[in-house]
Amino acid sequence: MTEAAQLVAEIEALGEKIAEARQAVGRRFIGQDKVVDLSLTALLCGGHGLLVGLPGMGKTLLVDTLGTVMGLATGRVQFTPDLMPADILGSEVLETARDGARAFRFIEGPVFCQLLMADEINRASPRTQSALLQAMQEHKVTVAGQHRPLPAPFHVLATQNPIEQEGTYPLPEAQLDRFMVQIDVDYPDRRTERDVLLATTGVETATSPTVFSASELSAAQVTVRRMPVGEKVVELILDLVRACRPGEAEAGAAVNASVSWGPGPRAAQALMLAVRARALLDGRLAPSAEDVTALARPVLSHRMALSFAARARGESLAGIIEGVSRDVTRAEAA
């Protein structure tokens, strides 16, 4: 078997396993297929996800279900204003042995897991939020001068309430950039909400089986990176990201007039990986231009900022990104 044929076989086998995982997640987290797919995209790419939605939308249930289905050791931190960095990372304690000898022992915090749920992450102070920066980027933490690696794979799925802002601290741009995708969890449609009511208010509750193991997920992340990407898709990603930066030659009038700052190279990297995962979720062997436009908003929206004048005019980043995606796609097709 040639190397190309072997890669095709691996992608097809992984696609079947991913389809099984999606079905398993759907047993507990009903409907909201786009939310599930974006969450799986983040995990398949080795990235992190920011779940933005009102309370009671099932965000906690989703993260718990993903941990079970993907075979990951989970941890959870409820962020509050009085939370300290040591409450996340862990700390050293001085212990006295029976013979009187004293020594420091490190007690691991909840970040030492494979899937961390950071609940209401914007309720903690910037000092505590920053405790996750090194963990999310380098997959290790530094405590008392010692570098301590985190279990592999390591992912953060954080939640945030988009409405209630009293007593919160907006995430800094550097931390937002660490999240591969922003996943907006909206209200379900009527049919989905009816299914939720019937499934969750009875005597028995649904359970989800374990489909992946941690090692299998790590292998899947390597396979995703090996998926081929056509030259046209690569150029489309570059055109899209650069067109969202004010002051660039590719930027249009709408971006220059309304955007304060745009996405950096990490956004292009995230989009390059995410389109591969989306193709895999759809059972395809390579990504297409449609994948780029579909993932533009989840990948770029939290990496951009509107100007004050644009906010006063009632503009939105979602509208600007959709407009840029449409213009770039038309230009590529011409």
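For the structure itself, look to the data block above.
All values reported here derive from a predicted model rather than from experimental measurement.

### Section: the packing of helix α10 (residues 231–243) against helix α12 (residues 265–281)
Then, in step 1: The geometry of α10 relative to α12 is characterised by a closest axis approach of 10 Å and an angle of 140° between their N-to-C directions. Between α10 and α12, the crossing angle belongs to the class labelled oblique. α12 is crossed by α10, and the crossing has right-handed handedness. Across from Val 234, Ile 237, Leu 240 and Val 241 in α10, the residues of α12 making contact are Ala 268, Leu 271, Met 272 and Val 275.

### Some remarks on the sheet that holds strand β1 (residues 49–52)
Then, in step 1: In spatial order, the strands read β2-β5-β8-β1-β9; together these five strands make up an open sheet with parallel pairing. Only two strands of the sheet have a single neighbouring strand rather than two, namely β2 (74–78) and β9 (181–184). When the angles between neighbouring strand axes are averaged without regard to direction, this sheet yields 20°.
Then, in step 2: Bridge analysis of β2 against strand β5 (residues 115–119) gives five bridges, and the strand direction is parallel. Each residue of the ladder has a partner; that of Gly 75, found in β5, is Leu 116.

### Focus: unusual backbone geometry
Then, in step 1: Along the chain, Ala 152 connects to Pro 153 via a cis peptide bond; the corresponding omega equals -5°.
Then, in step 2: Its place among the elements puts Pro 153 in the loop between β7 (146–149) and β8 (155–160).
Then, in step 3: For Gln 32, which is not glycine, the phi torsion reads 55° and is therefore positive.
Then, in step 4: Here Gln 32 lies in the loop between α1 (3–26) and α2 (33–44).
Then, in step 5: Judged by relative accessible area, which is 19%, Gln 32 ranks as buried.

### Description of the side chain of Gln 32
Then, in step 1: For Gln 32, the side chain forms a polar contact with the main-chain oxygen of Asp 186, separated by 2.8 Å.
Then, in step 2: The residues contacting Gln 32, other than those within four sequence positions of it, are Val 185, Asp 186, Tyr 187 and Pro 188.

Definitions and cut-offs
Residue numbers here run from 1 along each chain, matching the order of that chain's written sequence. Thresholds applied to this predicted model are a pLDDT of at least 70 for local features of residues and 80 or more for the giving and counting of side-chain atom pairs; totals over whole chains, interfaces and linings are not thresholded and use all residues. Based on all heavy atoms of the structure, the side-chain values leave hydrogens and waters out of the count. For helices, the axis comes from a line fit to the C-alpha atoms of the stretch in contact; other axes are also lines fit to C-alpha atoms, and the angle between any two N-to-C directions lies between 0 and 180 degrees. Where helices and strands are cited, they refer to DSSP runs of H or I of at least four residues and of E of at least two residues respectively, numbered from the N terminus. If an angle is under 35 degrees, it is roughly parallel; if it is over 145, roughly antiparallel; if it lies from 65 to 115, roughly perpendicular; otherwise it is oblique. By definition, any crossing whose near helix is turned counterclockwise from its far helix by less than a right angle is left-handed, and any crossing with a clockwise turn is right-handed. By definition, residues are in contact when any of their heavy atoms lie within 4.5 Å. Note on pairing: DSSP must find at least two bridges between two strands before they are called paired. Think of it in three bands: with a 1.4 Å probe and only protein chains considered, a residue is buried below 20% of the maximum accessible area for its type, exposed above 50%, and partly exposed in between. Under this definition, polar contacts are N or O atom pairs within 3.5 Å; protein pairs additionally need one hydrogen-donor-capable and one acceptor-capable atom, and for neighbouring residues in sequence, both atoms have to be side-chain atoms.

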